[in-house]
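Residue strings, one per chain:
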Amino acid sequence: IWIDLQGFKDEASLQEIAERFEIHPLAMEDVVNVPQRSKAEQYDDQTLIIARLVSIPNDKELNLTQLGIIVGTNYVLTFEDKYSDRLDPVRSRIENPSSRLRASGAGYLAYAILDTAVDTVYPVLEHLGEQLESLERDVIEDPRPALLQKVNLIRNRLVNVRRAIWPQRDAVQELLISDHDVINDEIKIFLRDTYDHCVQSAEVVEMYREMASGLLSTYMSSVAHRSNEVMKVLTIMSSIFFPMTFVAGIYGMNF
């Protein structure tokens, strides 16, 4: 059974699910209190996983949605603090009669959901990377204050993405090294691939952060170079007109 809840306004439904599935109060508290740091914990015969879904809808604000996953022997409960369609790929796979998800247990379903959550960062990083490449050309050719604001915006977004994916990497590693009832050795083989995705995403974020810092240095150098060019022109003009002004001053005052 997979039950997906989106939004926490219906407290009665949340309470009913917590009672029916005998969810530990601390696990339920981590699920509904947003935001929480990504982690993986064991509660009796249940495993709690907190992850993050990342998106930038319509190139606006960075959207970080908390995803709580509670895995039991034959069920998976997912809790999202707001509406999201990021898990639709998992639903599409379940609708396929020959899908592995239909023949495997709750642990494999939890892996598929967690892997999908981890992979949501790739489109975001690709989008930010394209913006950095575009800004790199503009900063060299036409440095202006508006570009500085865009670079700082991307830097802030990268910082928020980093805060989301680094704890997520630790959570996946915790699932790999700890003994969880529903996360057996067969599931851990697939989780190693998810862990590799986390490491790769973290490396890309660090690379983009260095690029953003480099763009700031390039912007300041371009502005300084343009100021030097202006000063050169003014100096040349002063050098041309100074002798004329000197001669005109002397002859104008004395003759």
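Worth saying up front: this structure is predicted, and the values here are computed from it rather than measured.

Rules of the game
- Residues numbered from 1 in each chain as written.
- Predicted model: local features only at pLDDT ≥ 70, side-chain atom pairs only at ≥ 80, totals over all residues.
- Heavy atoms only, no water.
- Patch = residues over 30% accessible without salt bridge, like charges linked within 9 Å, V, L, I, M, F, W, Y side chains within 5 Å.
- Areas by Shrake-Rupley, 256 points an atom, 1.4 Å probe, with all protein chains shown as cover.
- Salt bridge = Lys/Arg side-chain N within 4 Å of Asp/Glu carboxyl O.
- Lys, Arg positive; Asp, Glu negative; His and termini not counted.
- Charge placed at Lys NZ, Arg CZ, Asp CG, Glu CD.
- Helix = DSSP H or I, 4+ residues; strand = E, 2+ residues; numbered from the N terminus.
- Buried < 20%, exposed > 50% of the residue type's maximum accessible area, 1.4 Å probe, protein only.
- Phe/Tyr/Trp six-rings, centres within 6.5 Å; stacked < 30°, edge-to-face > 60°.
- Contact = heavy atoms within 4.5 Å.

Trainee: I would appreciate a short explanation of a negative patch on the surface in the present structure.
Mentor: Judged by side-chain charge, Glu22, Asp44, Asp45, Asp179, Asp181 and Asp185 come together as a negatively charged surface patch. One can find aspartate 185 in helix α8 (residues 185–254). Aspartate 185 sits in the exposed class, given a relative accessible area of 60%.

Trainee: Looking at this structure, I do not really get the packing of aromatic side chains. What am I missing?
Mentor: Each aromatic ring pair is described using two quantities: the centre-to-centre distance and the angle formed by the ring planes. The tally for this structure, following the rule as stated, stands at four aromatic pairs. Measuring from centroid to centroid gives 5.2 Å for tyrosine 108 and phenylalanine 190, while their planes differ by 85 degrees, and the two rings are edge-to-face. Taken together, the residues tyrosine 108 in helix α5 (residues 106–119) and phenylalanine 190 in helix α8 connect sequence positions 82 residues apart. You can call tyrosine 108 buried: its relative accessible area is 7%. Residue phenylalanine 190 is classed as partly exposed on the basis of its relative accessible area of 22%. Seen in terms of ring centroids, tyrosine 111 and phenylalanine 190 are 5.4 Å apart; in terms of plane orientation they differ by 40 degrees. Their pairing is tilted. Separated by 79 residues along the polypeptide, tyrosine 111 in helix α5 and phenylalanine 190 in helix α8 bring together distant segments of the chain.

Trainee: Can you walk me through the side chain of histidine 197 in this structure?
Mentor: For histidine 197, the location among the structural elements is in helix α8. Filtering out sequence-adjacent residues up to four positions away, histidine 197 remains in contact with Asp115, Val118, Asp119 and Tyr122.

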